[in-house]
Structures are given as structure tokens and as C-alpha cells.
Amino acid sequence: MKNKEPVILTEKLTKRFDSFTAVDEISFDVYRGEIFGFLGANGAGKTTAMRMLCGLSVPSSGRAAVAGLNVYKQTEQIKRNIGYMSQKFSLYEDLTVLENIRFFGGIYGLTDQQLKSKSGKLLHQLEIESEAKKLVGNLPLGWKQKLAFSIAILHEPKIVFLDEPTGGVDPVTRRQFWTLIYEAASRGITVFVTTHYMDEAEYCNRVSIMVDGQIKALGTPRELKAQLNETSMDGVFYQLARVAKRGE
Ligand SMILES: Nc1ncnc2c1ncn2[C@@H]1O[C@H](COP(=O)(O)OP(=O)(O)OP(=O)(O)O)[C@@H](O)[C@H]1O
Ligand SMILES: [Mg+2]
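Residues numbered from 1 in each chain as written. Chains lettered and ligands numbered in written order. Predicted model: local features only at pLDDT ≥ 70, side-chain atom pairs only at ≥ 80, totals over all residues. Heavy atoms only, no water.

- For the chain, an unreviewed UniProt entry supplies the name ABC transporter ATP-binding protein and the organism Parapedobacter deserti.

### Quick notes on the pairing of strand 2 (residues 20-31)
Argument step 1. By the bridge criterion, eight bridges tie strand 1 (residues 6-17) to strand 2 in an arrangement that is antiparallel. Its bridge partner lying in strand 2, K15 is registered against V23. (Pairing = 2+ DSSP bridges. Helix = DSSP H or I, 4+ residues; strand = E, 2+ residues; numbered from the N terminus.)

### What about the site of ligand 1?
Argument step 1. Among the 14 residues in the neighbourhood of ligand 1, the closest are listed as G43, K46, T47, T48 and Q87.
Argument step 2. Contact between ligand 1 and A44: an oxygen atom at 3.2 Å from a main-chain N or O atom of the residue.
Argument step 3. In this structure, an oxygen atom belonging to ligand 1 sits 2.5 Å away from a side-chain N or O atom of T48.
Argument step 4. Coverage of ligand 1 by the protein chains reaches 65% of its 640 Å² of free accessible surface.
Argument step 5. Where the shell around ligand 1 is concerned, the elements lending two or more residues are strand 2 and helix 1 (46-53).
Argument step 6. Of the residues forming the shell around ligand 1, the biggest block, three residues, is contributed by helix 1.
Argument step 7. Taken together, the residues of the shell around ligand 1 break down into five nonpolar, seven polar and two charged. (Near = heavy atom within 4 Å. Polar contact = N/O pair within 3.5 Å; in protein donor to acceptor, adjacent residues only side chain to side chain. Areas by Shrake-Rupley, 256 points an atom, 1.4 Å probe, with all protein chains shown as cover. Nonpolar A, V, L, I, M, F, W, Y, C, P; charged D, E, K, R; others polar.)

See below:
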């Protein structure tokens with residue numbers, strides 16, 4: 001990393017649902033412009049942790065700061081500084097491409113003038129000018145996901161949280177998606193991303209691996225492979241995640 005300015009700081013961040021601890025005292029930092037991979041098997045606690053960092057869910061204990069703001073107390077300010085692409089919902093299928101851009105841009109507080117110039121650039125970058133008036137529901141999944149990502153960073157947030165953005169997307173489109181991620185990171189946007197694809201884990205600057213709510217490993221893909229004497233991230237993930245006691 002060029003400069004190690006932390007934009008996410010967590011200290012023993014925890015989320016309990018009754019007696020069940022979904023996120024168990026996780027502590028880590030993420031730096032500006034970094035692409036941080038947040039890995040873990042199904043049910044490990046990734047989405048739960050991400051929701052706390054986005055100010056959408058109140059931590060049970062521990063602390064976290066996102067863009068210098070307290071996730072427990074300053075949730076509204078946090079929302080202005082981040083973009084979030086959720087695992088379940090990204091765009092309105094019954095609105096056109098352009099309507100989605102305008103709708104979300106409006107929520108993010110962009111002016112009409114900004115919206116006009118930004119939507120033109122976005123359509124051009126994604127090479128979907130001809131699709132602008134088509135319903136999002138009729139687009140292929142990979143296009144939808146690229147569009148959702150571009151919309152999540154329309155307001156140039158400090159950090160964008162991506163929860164399994166490429167799930168079910170074909171390999172070529174996943175590559176294109178990662179080109180968009182790199183481009184955003186090069187502009188200084190910090191990218192916090194979950195994925196189940198180990199080739200994508202290799203594209204991250206650093207990755208953490210979560211098992212049963214705890215972070216079991218954190219480092220660059222090269223460091224983790226060396227530590228566990230593996231040649232691929234698949235091997236690293238298998239060694240760590242196979243000890244998981246819970247999951248779906
Ligand atoms: N609102 C809730 N109430 C009770 N339990 C919950 C709640 N939300 C999540 N959990 C539980 O917490 C655990 C972690 O879930 P979470 O969705 O964070 O996992 P994940 O790592 O995102 O998994 P996936 O890869 O399947 O998306 C799971 O056992 C889940 O059932
Ligand atoms: Mg999840």
C-alpha cells in the first residue's frame with residue numbers, strides 16, 4: 001500500500017443473536033485504496049459483520065470506526081461515506097437502467113446536473129448505452145452486477161462494501177467486474193468484498209478468513225499461502241475452513 005491510512009478499524013467487534021454469537025470479537029484494520037477480501041464459508045458471519053460496518057446493525061460489543069466514524073453512534077454519517085452492494089438486493093428489476101441510476105443517485109444526494117453527467121459516463125464505461133431504457137430485470141446477471149457496482153460508487157464513497165457481488169456470474173464477466181474494482185481502488189476507493197471464488201481471493205491486496213464468527217487468518221494471499229504451505233488460496237481456505245463446526 002502506498003499510504004497506510006486506516007479507513008476501517010475494528011476492535012473485538014461482536015454480534016450475538018440471543019445466545020448465538022454470529023461475529024465473535026473480530027479485530028482488523030483496512031487501509032485506504034486497499035482491496036480487502038472477506039472470506040468464510042456459508043454462515044461464517046460475513047454478512048453480519050458487514051452490516052455492522054455499514055451502520056445497519058448494532059454491535060453487541062466491541063468497537064468499529066468506518067471513515068473515522070463510530071458505527072454504533074454515527075450511522076447516518078456513515079451511510080453518506082459508503083456504498084453497499086448487498087447479497088440479496090441490488091437494483092429494482094422493474095425500473096429501467098437509467099431509472100435505477102437516477103433513483104439511487106438521488107438517494108446518494110447527487111444533483112440533477114451531476115446525475116446527468118455521471119449517468120452518461122457510467123453507461124459509456126459499461127458499454128450499455130443502448131440498454132439505458134431497458135428494464136434491469138431483462139439484463140443478464142453479470143450486467144446487472146456491474147451496473148449495481150457502478151451505482152454503489154456513483155457518489156464517490158470512501159469505501160464500498162460488496163457482499164458476494166459475483167455469485168453466479170460467468171468467468172468472463174467476473175474478470176470485467178474485477179477490472180471495475182481495480183479502477184475504483186486506483187481512485188482511492190477502499191473495496192471490502194466477500195467472495196466464495198478463490199481466484200478472486202488472489203486478486204485482493206489482503207484477505208481475512210472467517211471461521212465460525214472468528215477471524216482465523218489475515219494477510220496477503222502470498223503470506224497466507226506461505227504460512228500454511230499451500231500453493232493456492234483454495235488450499236489455504238480448505239485447511240482453515242474445514243475445521244468449522246457450524247454452517248449451512
Ligand atoms: N437476524 C439473525 N438472527 C439470528 N441469527 C442470524 C441472524 N442473521 C444471521 N444469523 C446467523 O448468523 C450466522 C452468520 O450468518 P451470515 O449471514 O453473517 O453468514 P455469511 O458468512 O454471510 O454466510 P453466506 O456465505 O451464506 O452469505 C448464521 O448462522 C445465521 O443463521
Ligand atoms: Mg452472507
